Amino acid sequence: GAVVSQHPSRVICKSGTSVKIECRSLDFQATTMFWYRQFPKKSLMLMATSNEGSKATYEQGVEKDKFLINHASLTLSTLTVTSAHPEDSSFYICSAGVSNEKLFFGSGTQLSVL
Amino acid sequence: EDQVTQSPEALRLQEGESSSLNCSYTVSGLRGLFWYRQDPGKGPEFLFTLYSAGEEKEKERLKATLTKKESFLHITAPKPEDSATYLCAVSENTPLVFGKGTRLSVIA
């Protein structure tokens, strides 16, 4: 089946630094990728929809200047958490697919901001 | 109001003790209902997609069913390796909307 690779799986950084998370579709081309955030024992909250070659669509309440999304190719989307603070600590997950009905998830990135 | 509500929030079963997880939804134009399994520290793993009321799908010890208002994930004779969080999601004309999940623990 289709595979979505997410890297890194875990990152610890100091407050004020920026962190980049990569999401790759390994065996298919993804014009659309999704970025989610998940708090412990909570569900996935959609942050933004990443569209290849155009600006991402952010959900209400998500700061686009804080969470920069770049979808430069059909197989790669990146999420950069800029000037990270402890409240940005969370589990970030990407997904990609040819349609909503065939959506595959990355393995997630646990971000801890000290 | 949440569009997707899952119950119970947590479920503890003895090995072999069958049970069902519930997912109720309020979207009007359902295009698909999805079940995922999520292990701690991992991304969700796709299990099933259901499209219309009356549809059923099975995979090993799991069977998913769908009505016009809810879906059930039946687990028959569960094993400890079935312990995970089970997420339900619906698709209308938007990206998937997820429920909060049911944390299942199967005790040997």
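Above this note sits the structure.
Residues numbered from 1 in each chain as written. Chains lettered and ligands numbered in written order. Predicted model: local features only at pLDDT ≥ 70, side-chain atom pairs only at ≥ 80, totals over all residues. Heavy atoms only, no water.

Check the secondary structure of chain A and you find 0 helices and 11 strands. Its C-alpha radius of gyration of 13 Å places chain A within 12% of the 13 Å reference for a compact globule of 114 residues. Structurally, chain A occupies a C-alpha span of about 35 × 25 × 20 Å along its principal axes. By residue count, 48% of the 114 residues in chain A fall in the buried class. Within chain A, counting contacts between residues at least 6 apart in sequence, those at least 24 apart form 52% of the total. (Helix = DSSP H or I, 4+ residues; strand = E, 2+ residues; numbered from the N terminus. Rg over C-alpha atoms; globule rule 2.2 N^0.38 Å. Buried < 20%, exposed > 50% of the residue type's maximum accessible area, 1.4 Å probe, protein only. Contact = heavy atoms within 4.5 Å.)

What follows concerns the interface of chain A and chain B. Contact with chain A, which involves 18 residues of that partner, is made by 19 residues of chain B. Buried surface at the junction of chain A and chain B, summed over both partners, amounts to about 1500 Å²; 57% is from carbon and sulfur atoms. The interface formed by chain A and chain B holds 0 salt bridges in total. Counting only elements with at least two residues in the side of chain A that touches chain B, the list comes to strand 4 (32–38), strand 5 (44–51), strand 9 (90–99) and strand 10 (102–105) of chain A. Taken together, the residues that form the side of chain A that touches chain B break down as 8 nonpolar, 7 polar and 3 charged. (Buried area = accessible area lost by both parts, 1.4 Å probe. Salt bridge = Lys/Arg side-chain N within 4 Å of Asp/Glu carboxyl O. Nonpolar A, V, L, I, M, F, W, Y, C, P; charged D, E, K, R; others polar.)

Before going further, it helps to examine the sheet that holds strand 1 (residues 4–7) of chain B. All names here are of chain B. Pairing in this open sheet of 5 strands is antiparallel, and the strands run 1-3-8-7-6 from one edge to the other. If you trace the sheet from one side to the other, it starts and ends with strand 1 and strand 6 (56–59), each paired once. Between one strand axis and the next, the sheet turns by 15 degrees as a mean value, whatever way the strands run. Note that strand 1 and strand 3 (residues 19–25) share 4 bridges and pair antiparallel. Its bridge partner lying in strand 3, Val-4 is registered against Tyr-25. (Pairing = 2+ DSSP bridges. Axes fitted to C-alpha atoms, helices over the stretch in contact; angles between N-to-C directions.)

This part takes up the pattern of salt bridges. All names here are of chain B. As enumerated under the stated definition, the model contains 6 salt bridges over all chains in all. Between Arg-61 and Asp-82 there is a salt bridge; the shortest N-O distance is 2.8 Å. Here Arg-61 is found in the loop between strand 6 and strand 7 (62–66), whereas its partner Asp-82 is found in the loop between strand 8 (70–75) and strand 9 (84–91), with 21 residues between them in sequence. The class of Arg-61 is partly exposed, set by a relative accessible area of 21%.

Summed over all chains, the structure comprises 2 disulfides over all chains. Two residues, Cys23(A) and Cys94(A), share a disulfide whose sulfurs are 2.0 Å apart. Here the S-S torsion is close to 80 degrees, and the disulfide linking Cys23(A) with Cys94(A) is therefore right-handed. Here Cys23(A) is found in strand 3 (residues 19–25), whereas its partner Cys94(A) is found in strand 9, with 71 residues between them in sequence. We note that Cys23(A), like Cys94(A), is buried. Covalently, Cys23(B) is tied to Cys88(B) through a disulfide, its sulfur atoms 1.9 Å apart. Here the disulfide of Cys23(B) and Cys88(B) is left-handed, its torsion about the S-S bond being about -60 degrees. In this pair, Cys23(B) is assigned in strand 3 and Cys88(B) in strand 9, connecting sequence segments 65 residues apart. (Disulfide = S-S within 2.5 Å.)

Right, let's talk about the pairing of strand 3 of chain A for a bit. All names here are of chain A. The alternating pattern of strand 3 places Val-19, Ile-21, Cys-23 and Ser-25 on a buried face, while none of Lys-20, Glu-22 and Arg-24, on the opposite face, is buried. Bridge count between strand 1 (residues 4–7) and strand 3: 4 bridges; the pairing is antiparallel. Paired with His-7 across the two strands is Glu-22, which belongs to strand 3. Here strand 3 runs beside strand 8 (residues 76–81); their pairing, made up of 6 bridges, is antiparallel.

Turning our eyes to something else, we now look at the environment of Glu56(B). Residues and elements named next belong to chain B. Looking at the secondary structure, you find Glu-56 in strand 6. According to the relative accessible area criterion, Glu-56 is partly exposed, its value standing at 49%. Sequence separation between Glu-56 and Arg-12 is 44 residues; the distance between their C-alpha atoms is 24 Å.

Residue and element names in this part refer to chain B. By the element assignment, Val-97 lies in strand 10 (residues 97–98). Sequence spacing of Val-97 and Lys-79 is 18 residues, and the spatial spacing of their C-alpha atoms is 29 Å. When near neighbours in sequence (up to four residues on either side) are disregarded, Val-97 contacts Gln-3, Val-4, Cys-88, Ala-89 and Val-90.

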